[in-house]
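# Per-entry structural report
Below are the chains, spelled out letter by letter.
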Amino acid sequence: MTYGVPQRSIRTNAFKLIIAPDMNARLDDSPTGVPVPIPDPIQLYDLHADPGETHNLAPENTAKKEELLQVLNAINKNAYEPTYFTEGTPIRDAPSLNDQLIQDLKSLGY
């Protein structure tokens, strides 16, 4: 989370995709009045060529962006809720992946 606005991301060995909603959506009435830069809503970085994540490839590498969005959407569709990490006891078993999710990820090359 950044300033209370949830972000989502997925990372492979070579790429990182970030979905970053408009942070100003909840900061328009900020008491400081300092404008917060609005990031591109979808960011894609080549972690090998750009480890500092300074050049967003999402506008020019739409194929990789779409591939990672499909994987992230498949995970989000089938994943457990974020409260899994914040409620209950600290010791938990990891949830099992259902067969359809495994097939979806394999079909995408993961």
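That block above? That's the structure.
Predicted model, so just to flag it, every value in this text is computed and none were measured.

## Topic: the nonpolar core
Membership of the largest hydrophobic core comes to 13 residues, with the highest contact counts inside it found for Ile10, Phe15, Leu17, Leu44 and Leu68. Residue assignment for this core shows that the elements contributing at least two residues are strand S2 (15–19), helix H1 (62–78) and helix H2 (99–107). In terms of residues, this core owes the most to one element, H1, which gives five residues. When neighbours within four sequence positions are excluded, Phe15 is seen to be in contact with Ile10, Leu44, Tyr45, Asp46, Leu47, Leu57, Asn61, Lys64 and Leu68.

## Description of the pattern of salt bridges
Applying the stated rule across the entire model yields two salt bridges. Two residues, Glu53 and Lys16, come together in a salt bridge whose shortest N-O distance is 2.9 Å. With Glu53 in the loop between strand S3 (42–46) and H1 and Lys16 in strand S2, this pair connects stretches of sequence that are 37 residues apart. The exposure class assigned to Glu53 is partly exposed, which follows from its relative accessible area of 26%. When the shortest N-O distance is used, the salt bridge between Lys64 and Glu67 registers 3.4 Å. Residue Lys64 and its partner Glu67 are both found in helix H1; the two are separated by three residues, about one turn of the helix.

## Describing the sheet that holds S3
If you walk across this open sheet you meet the three strands as S1-S2-S3, and the pairing is antiparallel. Two strands lie at the open edges of the sheet, namely strand S1 (8–11) and S3, each paired on one side alone. Strand-to-strand, the axes of this sheet are offset by a mean angle of 10 degrees, without reference to chain direction.

## Points about the side chain of Asp50
With respect to the helices and strands, Asp50 occurs in the loop between S3 and H1. Buried and without a salt bridge, Asp50 has Lys16 as its closest oppositely charged side chain, separated by 11 Å. Polar side-chain contacts of Asp50 include one of 2.8 Å to the backbone nitrogen of Thr54. When residues no more than four places from it in sequence are discounted, the contact partners of Asp50 are Tyr45 and His55.

Rules of the game
Residues numbered from 1 in each chain as written. Predicted model: local features only at pLDDT ≥ 70, side-chain atom pairs only at ≥ 80, totals over all residues. Heavy atoms only, no water. Core = buried A, V, L, I, M, F, W, Y, C linked by side-chain atoms within 4.5 Å. Buried < 20%, exposed > 50% of the residue type's maximum accessible area, 1.4 Å probe, protein only. Helix = DSSP H or I, 4+ residues; strand = E, 2+ residues; numbered from the N terminus. Contact = heavy atoms within 4.5 Å. Salt bridge = Lys/Arg side-chain N within 4 Å of Asp/Glu carboxyl O. Pairing = 2+ DSSP bridges. Axes fitted to C-alpha atoms, helices over the stretch in contact; angles between N-to-C directions. Lys, Arg positive; Asp, Glu negative; His and termini not counted. Polar contact = N/O pair within 3.5 Å; in protein donor to acceptor, adjacent residues only side chain to side chain.

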